[in-house]
Amino acid sequence: MSNQGDKAAPSAQVNAAKAAQAKVAAHAASLAAAAKAKANELGQIPVLMYHRIIEKPTSVDDLDPKVFRAEMERLVAEGYVPITAAEYATGRIGIPAGKHAVVLTFDDSSPSQLSLDGMGAPKAGTAVAILQDVARKHPSFRPVATFYVTKDMFGVTTPEEQAQMVTWLRNNGFDIGNHTRDHLNLRGREKKAVFDEVAAGHKLITDLVKEASPVTLALPYGNQPTKAEWARKGNSGKVAYDYGGVFLAGYNPAPSPYGKDFNALGIPRIRSGVKKGDCSKFCSAAWLDWLKANPDKRFTSDGDAKTVAYPKFKAPFMAKQFTGQALAY
């Protein structure tokens, strides 16, 4: 009689060897794909900051809808794909190979950013309507953004209307962030006052839609409190918050969330604007020009959200907590 045990052992060894070979082959394929895409997931990511999108701008923060549309078209042409602030801050970036991540953020929940008609569709000329229109014309352009809301919730006042706006954004893939309830300057305020204001903004959102609990905070006026940590984590009464990232107001591209220089307490953003006046060097047009001229400095995806791909010589800049995902080619 044959010994079944003797046959099973070699079979198990063969299967293990085949599995090891398959793993090696898969890793080699991943390295080849990353190299082909010229992946650099330790590169910089522009976090663009918008306020009102109106036809007759009255401040440096306002943007004409035509200018906003042109900037979206430029992002498409230069290979950018939007991700949310929550995805950026938590390192969940899944965009196609060879594409560059960009974060679109909107402060102060203006009606010019989102207003809905009687059928629940974004009104023409609003930022969301423009963003979705660009995405329809260019399917590779993901129509997502993060809206940092305050109590002036897109110009609607009743809890039902406000919940409707937050729900619509969530259902359509957008991200809701905290901008505090009253948009008060946190600089110089006592610890309790900071906790109270940030927690009130958090509660404002979760009272409307519990599932919309924000992952990030944008500081009013970009000003940090006396201790930056107060804005990221704290509590007031029964309301506690613990954010993946806190965003400033300017002025350079943000570091990769996988890099050693990522600082969740103060993530820079770039004000949108054409190259003139005080925007000649530090607004979106200028920084997008710089990233285009320095492609090795910007974030480029390998197409696999489970890995962090980069050229081997950039290894010293990799944050230790992502070592298990590293793919250095």
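Please read all numbers here as calculations on a predicted model, not as lab measurements. (Residues numbered from 1 in each chain as written. Predicted model: local features only at pLDDT ≥ 70, side-chain atom pairs only at ≥ 80, totals over all residues. Heavy atoms only, no water.)

Structural notes on the packing of helix α2 (residues 65-77) against helix α4 (residues 127-137)
It is at 10 Å that the axes of α2 and α4 come closest, and there the two elements cross at 35°. Every pair of crossing elements has a handedness; the one defined by α2 and α4 is right-handed. Taking contact as the criterion, the partners of P65, F68, R69, M72, E73 and V76 in α2 are, on α4, A127, I130, L131, D133, V134 and K137. When its residues are assigned to classes, the contact of α2 with α4 shows eight nonpolar, no polar and four charged. (Axes fitted to C-alpha atoms, helices over the stretch in contact; angles between N-to-C directions. Helix = DSSP H or I, 4+ residues; strand = E, 2+ residues; numbered from the N terminus. Left-handed = near helix turned anticlockwise from the far one by under 90°. Contact = heavy atoms within 4.5 Å. Nonpolar A, V, L, I, M, F, W, Y, C, P; charged D, E, K, R; others polar.)

Focus on the nonpolar core
Core analysis: the biggest nonpolar cluster contains 42 residues, and Y50, F68, M72, L75, L104 and F147 have the highest contact counts within it. For this core, the elements supplying multiple residues, two or more each, are β1 (47-50), α2, β3 (100-107), α4, β4 (146-149), α5 (159-171), α6 (191-208) and α9 (284-293). Excluding residues within four positions of it along the chain, M72 makes contact with Y50, L104, L131, V134 and F141. Judged by nonpolar contacts, the second largest core, of 26 residues, contains L42, A89, A101 and Y148. (Core = buried A, V, L, I, M, F, W, Y, C linked by side-chain atoms within 4.5 Å. Buried < 20%, exposed > 50% of the residue type's maximum accessible area, 1.4 Å probe, protein only.)

Examining the state of the cysteines
According to the stated counting rule, one finds one disulfide in the structure shown. Between the sulfur atoms of C279 and its disulfide mate C283 the distance is 1.9 Å. On the sign convention where negative means left-handed, the S-S torsion of about -60° between C279 and C283 marks this disulfide as left-handed. Grouping residues by exposure puts C279 and C283 together as buried. (Disulfide = S-S within 2.5 Å.)

Observations concerning α6
Taking 1.5 Å as the rise per residue, α6 with 18 residues should run 26 Å; its terminal C-alpha atoms sit 26 Å apart, in good agreement. Among the residues of α6, those classed as buried are V194, F195, E197, V198, A199, A200, G201, H202, L204, I205 and L208. (Expected span 1.5 Å × (residues − 1).)

Observations regarding unusual backbone geometry
In this model, G250 is joined to Y251 through a cis peptide bond whose omega is 0°. Despite not being glycine, T180 has its phi angle at roughly 70°, a positive value. Following the sequence through the fold, T180 ends up in the loop between β5 (175-178) and α6. Of note, H183 is a non-glycine position whose phi angle comes to about 55°, a positive value. Note on placement: H183 falls in the loop between β5 and α6. Owing to a relative accessible area of 17%, H183 belongs among the buried residues under this scheme.

So, the packing of aromatic side chains
For the coordinates displayed, the defined rule picks out 15 aromatic pairs. Here Y50 and F106 contribute two aromatic rings whose centre-to-centre distance is 5.1 Å and whose plane-to-plane angle is 25°, an arrangement assigned as stacked. Remark: F106 occurs in strand β3 and Y50 occurs in strand β1; sequence separation between them is 56 residues. Note on accessibility: Y50 and F106 belong to one class, buried. Seen in terms of ring centroids, Y258 and F322 are 4.9 Å apart; in terms of plane orientation they differ by 80°. Their pairing is edge-to-face. Of this pair, Y258 sits in the loop between β9 (245-247) and β10 (270-271) while F322 is found in the loop between β11 (308-310) and β12 (326-328), placing the two residues 64 residues apart along the sequence. (Phe/Tyr/Trp six-rings, centres within 6.5 Å; stacked < 30°, edge-to-face > 60°.)

Observations concerning the environment of A37
Secondary-structure assignment places A37 in helix α1 (residues 4-37). Sequence spacing of A37 and E78 is 41 residues, and the spatial spacing of their C-alpha atoms is 15 Å.

A word on the pattern of salt bridges
Two side chains bearing opposite charge may form a pair once their charged atoms approach each other closely. Applying the stated criterion to the full structure yields 18 salt bridges. For the salt bridge of K151 with D182, the shortest nitrogen-to-oxygen distance reads 3.2 Å. Here K151 is found in the loop between β4 and α5, whereas its partner D182 is found in the loop between β5 and α6, with 31 residues between them in sequence. Taking relative accessible area as the criterion, D182 reaches 23% and is therefore assigned partly exposed. (Salt bridge = Lys/Arg side-chain N within 4 Å of Asp/Glu carboxyl O.)

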